[in-house]
Amino acid sequence: MDWLQVVILSVVQGLTEFLPISSSAHLILVPVLTDWDDQGLTFDVAVHLGSLLAVVLYFRHDLRRMGASWVMSLRRRSLRQGVEDPDARLAWWVLLATIPVCVGGFILHDAISVSMRSPILIGVTLIGFGLLLGYADWNKRAGRSEYQLTLRDAMLIGAAQALALIPGTSRSGITMTAALLLGMSREGAARFSFLLSIPVTALASGLEIHGALQVPREIDWQAMAAGVVLSGVSAYICIHYFIAFIKRIGMQPFVVYRIVLGLWLLWIFW
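Residues numbered from 1 in each chain as written. Predicted model: local features only at pLDDT ≥ 70, side-chain atom pairs only at ≥ 80, totals over all residues. Heavy atoms only, no water.

Considerations on the side chain of Arg171
Considering the arrangement of structural elements, one finds Arg171 in helix α10 (residues 171-181). For the buried residue Arg171, which engages in no salt bridge, the nearest side chain bearing the opposite charge is Glu17, 4.5 Å off. Among the polar contacts listed, one links the side chain of Arg171 to the side chain of Gln161, at a separation of 3.0 Å. Each residue touching Arg171, except ones within four places of it in the same chain, is listed here: Gln161, Ala164, Ser193, Phe194, Leu196, Ser197 and Val200. (Helix = DSSP H or I, 4+ residues; strand = E, 2+ residues; numbered from the N terminus. Buried < 20%, exposed > 50% of the residue type's maximum accessible area, 1.4 Å probe, protein only. Lys, Arg positive; Asp, Glu negative; His and termini not counted. Salt bridge = Lys/Arg side-chain N within 4 Å of Asp/Glu carboxyl O. Polar contact = N/O pair within 3.5 Å; in protein donor to acceptor, adjacent residues only side chain to side chain. Contact = heavy atoms within 4.5 Å.)

Put into structure tokens, the structure is as follows:
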């Protein structure tokens, strides 16, 4: 990998991981639309770790409270008693909502990695789920925060998150869509989606690291370190400004982007 490829892929991953426009689609499309070779599994691990560090750093105060309350909840006699504390309840909902995507990833991993990386499929999913996001944002009915979610809400959002295994869907996009349809505010939907990304990204990175260790290879540590830093910085900036942006303007600019990109992909690759 040359340094231009390192910089572009790292920044693309950092920015698109948390925007509702599908990071996997963009990382697949960059090699397709350039003469670059595939960046490889090891580099993917590095840029995902950068995004993970960014979201953990951004929500560090929330995570500290949630972690302490969650540990205390384990000492209670029942789950109902354990989720009386809002921070403990939110921690439980994040963990439980992660289960569907873990099950789906385990079952569909081979099919996704082999047969679902087509630019045409990405174009269709960008448009279809983009329109659904636009509908959810346009018709948002209430303004609940992430602390007002029920177990049913969390599991429905978690089930929606499993759809993001299909390239072009966007993990953040589909979780925010489901949250908006369930009556959450834009900010609450975004914050819960970002919190949900932590266990998912940690588990996915762990699996990728395990896979990378199975095949001995020479590692460019400078490129890996640059990928972590660049993706982490761009992801942190993205999280901060995205939440402020959607509170004022909403999701419609991202919907337009998804539709335009999807139509362009269908026109080029059909």
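Next comes the rest of the account.
Observations concerning the pattern of salt bridges
Following the criterion strictly, the structure yields 8 salt bridges and no others. A salt bridge links Arg186 to Asp137; the shortest N-O distance between them is 2.7 Å. Placement of Arg186 in helix α11 (residues 186-214) and of Asp137 in helix α8 (residues 119-138) is noted, with a sequence separation of 49 residues between them. Accessibility classification places Arg186 together with Asp137 in one group, the buried group. Here Lys247 makes a salt bridge to Glu187, at a shortest N to O gap of 3.8 Å. Here the residue Lys247 occupies a position in helix α12 (residues 221-248), and Glu187 occupies one in helix α11, the gap between them amounting to 60 residues. A residue is classified by how much of its surface remains accessible, and Glu187, at 30% relative accessible area, is partly exposed. Within this structure, Asp62, Arg65, Asp87, Glu146 and Arg191 form a network of salt bridges that share partners.

Examining the confidence of the model for the protein chain
In low-pLDDT segments, the atomic positions of the prediction should not be examined closely. On average, residues of the protein chain score 88 in pLDDT, and 90% of them are at 70 or above. The secondary-structure element of the protein chain with the lowest mean pLDDT is helix α5 (residues 79-82), recorded at 61, while α10 shows the highest, at 96. (pLDDT = per-residue confidence, 0-100.)

Here's the deal with the environment of Arg64
Turning to its location among the elements, Arg64 is positioned in helix α4 (residues 60-73). Considering only alpha carbons, one finds Arg64 and Cys238, 174 residues apart in sequence, at a separation of 22 Å.

Focus on α8
Compared with an ideal rise of 1.5 Å per residue, which puts 20 residues at 28 Å, α8 spans 28 Å between its outermost C-alpha atoms and is within 8% of the ideal. When α8 is considered as a whole, its buried residues turn out to be Pro119, Ile122, Gly123, Thr125, Leu126, Ile127, Gly130, Leu133, Gly134, Ala136 and Asp137. (Expected span 1.5 Å × (residues − 1).)

With respect to the nonpolar core
Grouped together as the largest cluster of nonpolar side chains are 43 residues, with contacts concentrated most on Val55, Ile157, Phe192, Phe194 and Phe242. Counting residues per element, the ones that place at least two in this core are α3 (41-58), α6 (86-97), α8, α9 (151-162), α10, α11, α12 and α13 (252-269). Of the residues forming this core, the biggest block, 7 residues, is contributed by α11. Residue contacts for Val55: discarding those within four places in its chain leaves Phe18, Phe194, Ser197, Ile198 and Ile239. Formed by 11 residues, the second largest nonpolar core is a distinct cluster that contains Val12, Leu27, Phe43 and Ala223. (Core = buried A, V, L, I, M, F, W, Y, C linked by side-chain atoms within 4.5 Å.)

Re the packing of α9 against α10
Between α9 and α10, whose axes approach to 8 Å, the crossing angle comes to 150 degrees. Taken together, α9 and α10 sit at an angle that is classed as roughly antiparallel. Here α9 and α10 pass one another in a crossing that is right-handed. Contacts between α9 and α10 involve Ile157, Ala160 and Gln161 from the former and Arg171, Ile174, Thr175, Ala178 and Ala179 from the latter. (Axes fitted to C-alpha atoms, helices over the stretch in contact; angles between N-to-C directions. Parallel < 35°, antiparallel > 145°, perpendicular 65-115°, else oblique. Left-handed = near helix turned anticlockwise from the far one by under 90°.)

Digging into the packing of aromatic side chains
Applying the stated criterion across every chain, the model contains 8 aromatic pairs. Summarising the aromatic geometry, the rings of Tyr58 and Tyr236 are spaced 5.4 Å apart at their centres and angled 70 degrees between planes, so their arrangement reads as edge-to-face. Here the residue Tyr58 occupies a position in helix α3, and Tyr236 occupies one in helix α12, the gap between them amounting to 178 residues. Classification of Tyr236 as partly exposed rests on a relative accessible area of 30%. With a centroid separation of 6.4 Å and 55 degrees between ring planes, the pair formed by Phe59 and Phe194 is classed as tilted. In this pair, Phe59 is assigned in the loop between α3 and α4 and Phe194 in helix α11, connecting sequence segments 135 residues apart. We classify Phe59 as buried; its relative accessible area is 1%. An aromatic cluster of at least three residues, connected via ring pairs, comprises Phe18, Tyr58, Phe59, Phe194, Tyr236, Phe242, Phe245 and Phe254. (Phe/Tyr/Trp six-rings, centres within 6.5 Å; stacked < 30°, edge-to-face > 60°.)

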